[in-house]
Amino acid sequence: MDLLLDMAGVLSGIVWGPLVLLPLLLVTGVYLTIRLRALQFTRLAHALWLALVRREEVGEDLRGDISHFQALNTALAATTGVGNIAGVGLAIGLGGPGALFWMWVTGVLGMATKYSEALLGVKYRVTDERGEQAGGPMYYLRRGLPGGLGVLLGCSFAVFGAVAAFGIGNGTQTNAVAEAVNDATGADQRAVGVVLMLLTAVVVLGGIKGIGRVASAVVPFMIIGFVLMNLLVLAVHHDRIGPAFALVLGDAFTGTSAAGGFAGATLMYVIRQGVSRGIFSNESGMGTGAIAAAAARTDQPVRQALVAMTQTFVDTVIMLTLTAMMIITTGVWQDPDAAGVEGSDKGVLLTTSAMEAGLGRISPDLAGLGPVFVACAVVVFAYTTILGWAYYGERCVVYLAGRSLVVPYRLLFIAVVYVGATAQIDAVWLFSDIANGLMALPNLIGLLLLSPVVVAETRKFFAHPDWRDPDAVMEPVRG
């Protein structure tokens, strides 16, 4: 087992190293940002209005299974998980404050990437034998690229996606829930696994419509509560926010020197932690957001793509920033007590300690609420992530083998919820990093090759005089 873990560590280092995924992610994001004329900045206000105010399109002939808002919340459910608590804490705890800058870079560039994925996901989607919309990288790679290349990339994504769902969307999440509940209440992790497995089964067996309803009901309140708690801690430490930003910008290009309980980090390690944990959280470049976008009721890929890119904005630019700044301003990232802690436990510990320290400055009686709130947030975030990824993995299986394997896959996914609750978490995180990288590779290659389609559809949409009006009659776009 130790040998396998060592080999997996080497493979992860190669995939996420300076010669493979890191430059490809950054190059793709920069290239799409330039080709789309920084659309993530110029059209952000309209995108947020579509996503949060308008929420859905109306019309009898619209294809799709769920609304804009439900599609967005399904994507947010899948991304707003342990990465927002353990992942960001782990990035700061291992890479230092400078890792936050590279999470910003990943998030801002990732908005253009997420936009492109969603646009292609809607444009090239198909209707399956049950009348549901099926789309995502596997479909736009196969249908958009000529010959065997599209088939190869599409199948590669689907295989890695179906497997990765058991890691990033299942094992890491369920293990974090089991540990959080065990720490807060002393409940046996096996019992937690059983309960979580049953709760997952209730929703997952109902398909995308059930997942969409639960996600749109839970996710907004979950995010608002977490953001408010972070803002409360930052308000208490408002005098440290300026120096914290200076520290982030300084360490982003120099690495981080050893301080307190922090061991220090080289520049490349800072970049790797920021980019990999940013991708783990917002999933831009992995292609998964396109799967949720393809289920939305719309006949305009650009409109849903605008909604989809707000997911990365909310997840990374807002939520990760607030959590990271909370950890930095409270100083717990240098805590000697966290120096010897490894794996996701270190990330959860730093986030919990930061919230505890912040609330403790308001009143010693409130300090105990920090661990309880973080435990509750881990449970809710992780549970919704499991639901979203169950759908992603299922769609990959449908692409590979049709609907005949949907029920067996759902049952296996539900069973792994229990396994993840009791597994060795370091191995699960390592497996997740590798699977995430292998998913992203074919998708990023496809995005670069299909970028002319993205640019053409975007320019055509915004050239229409009524593009701001979601009720305007525009020519439907079909793949």
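The structure under discussion appears in the preceding block.
Residues numbered from 1 in each chain as written. Predicted model: local features only at pLDDT ≥ 70, side-chain atom pairs only at ≥ 80, totals over all residues. Heavy atoms only, no water.

Participant: Got a sec to walk through the overall build of the protein? Specific residues and values, please.
Facilitator: When helices and strands are counted, the protein shows 20 helices and 2 strands. The C-alpha radius of gyration computed for the protein amounts to 21 Å, which stays within 12% of the reference 23 Å derived for 479 residues, consistent with globular compactness. Across its three principal directions, the C-alpha atoms of the protein cover 60 × 45 × 40 Å. Across the 479 residues in the protein, those meeting the buried criterion constitute 60%. Considering only contacts in the protein between residues 6 or more positions apart, those separated by 24 or more positions represent 84%. Approximately 17,200 Å² of the protein is accessible, and the part contributed by carbon and sulfur atoms is 66%. Between the averaged position of the 29 positive side-chain charges in the protein and that of its 33 negative side-chain charges there is a distance of 10 Å. (Helix = DSSP H or I, 4+ residues; strand = E, 2+ residues; numbered from the N terminus. Rg over C-alpha atoms; globule rule 2.2 N^0.38 Å. Buried < 20%, exposed > 50% of the residue type's maximum accessible area, 1.4 Å probe, protein only. Contact = heavy atoms within 4.5 Å. Areas by Shrake-Rupley, 256 points an atom, 1.4 Å probe, with all protein chains shown as cover. Lys, Arg positive; Asp, Glu negative; His and termini not counted. Charge placed at Lys NZ, Arg CZ, Asp CG, Glu CD.)

Participant: Give me the state of the cysteines: which residues, what numbers.
Facilitator: Per the stated rule, a full pass over the model turns up 0 disulfides. Looking at Cys396, it has no disulfide partner, and the nearest cysteine sulfur is the one in Cys155, 11 Å off. (Disulfide = S-S within 2.5 Å.)

Participant: Just give me the short version of helix α6 (residues 86–95), but keep the residues and values in it.
Facilitator: Burial runs high along α6: 9 of the 10 residues are buried. Along α6, the residues that are buried comprise Ala86, Gly87, Val88, Gly89, Leu90, Ala91, Ile92, Gly93 and Gly95. Residue Gly96 follows α6 closely and has a positive phi angle near 85°.

Participant: Talk me through the packing of aromatic side chains; I want residue IDs and the actual numbers.
Facilitator: Using the criterion set out here, one finds 15 aromatic pairs in the structure. Relative to Phe462, the ring of Phe461 has its centre 5.2 Å away and its plane inclined at 90°; by these criteria the two rings are edge-to-face. One exposure class covers both Phe461 and Phe462, and it is buried. Taken together, the aromatic side chains of Phe101, Trp102, Trp104, Phe245 and Phe253 make up a single cluster linked through ring pairs. Above the face of the Phe462 ring, Arg43 is positioned so that its terminal group lies 4.4 Å from the ring centre. The ring of Tyr124 carries Lys123 above its face, with NZ or CZ at 5.6 Å from the centroid. (Phe/Tyr/Trp six-rings, centres within 6.5 Å; stacked < 30°, edge-to-face > 60°. Lys NZ or Arg CZ within 6 Å of the ring centre and 35° of its normal.)

Participant: Got a sec to walk through the nonpolar core? Specific residues and values, please.
Facilitator: The nonpolar side chains of a soluble globular protein tend to be buried with one another. Grouped together as the largest cluster of nonpolar side chains are 143 residues, with contacts concentrated most on Ile92, Leu100, Tyr115, Leu306 and Trp389. Take this core: its biggest share by element is 17 residues, from helix α18 (residues 369–401). (Core = buried A, V, L, I, M, F, W, Y, C linked by side-chain atoms within 4.5 Å.)

Participant: Tell me about a nonpolar patch on the surface, residues and numbers included.
Facilitator: A cluster of nonpolar side chains, Val159, Val163, Leu400 and Phe431, forms an exposed patch at the surface whose accessible area comes to about 310 Å². Examined against the element boundaries, Phe431 turns out to sit in helix α20 (residues 425–463). (Patch = residues over 30% accessible without salt bridge, like charges linked within 9 Å, V, L, I, M, F, W, Y side chains within 5 Å. Salt bridge = Lys/Arg side-chain N within 4 Å of Asp/Glu carboxyl O.)

Participant: Summarise the pattern of salt bridges; cite the residues concerned and give the values.
Facilitator: Under the criterion given, the structure shown has 7 salt bridges. The closest approach of N and O atoms between Glu132 and Arg395, which form a salt bridge, is 2.8 Å. Here Glu132 is found in the loop between β1 (126–127) and β2 (133–134), whereas its partner Arg395 is found in helix α18, with 263 residues between them in sequence. The exposure classification of Glu132 matches that of Arg395, with both residues buried. With a closest N to O distance of 3.1 Å, Arg190 and Asp188 form a salt bridge. Residue class for Asp188 comes out partly exposed when judged on its relative accessible area of 36%.

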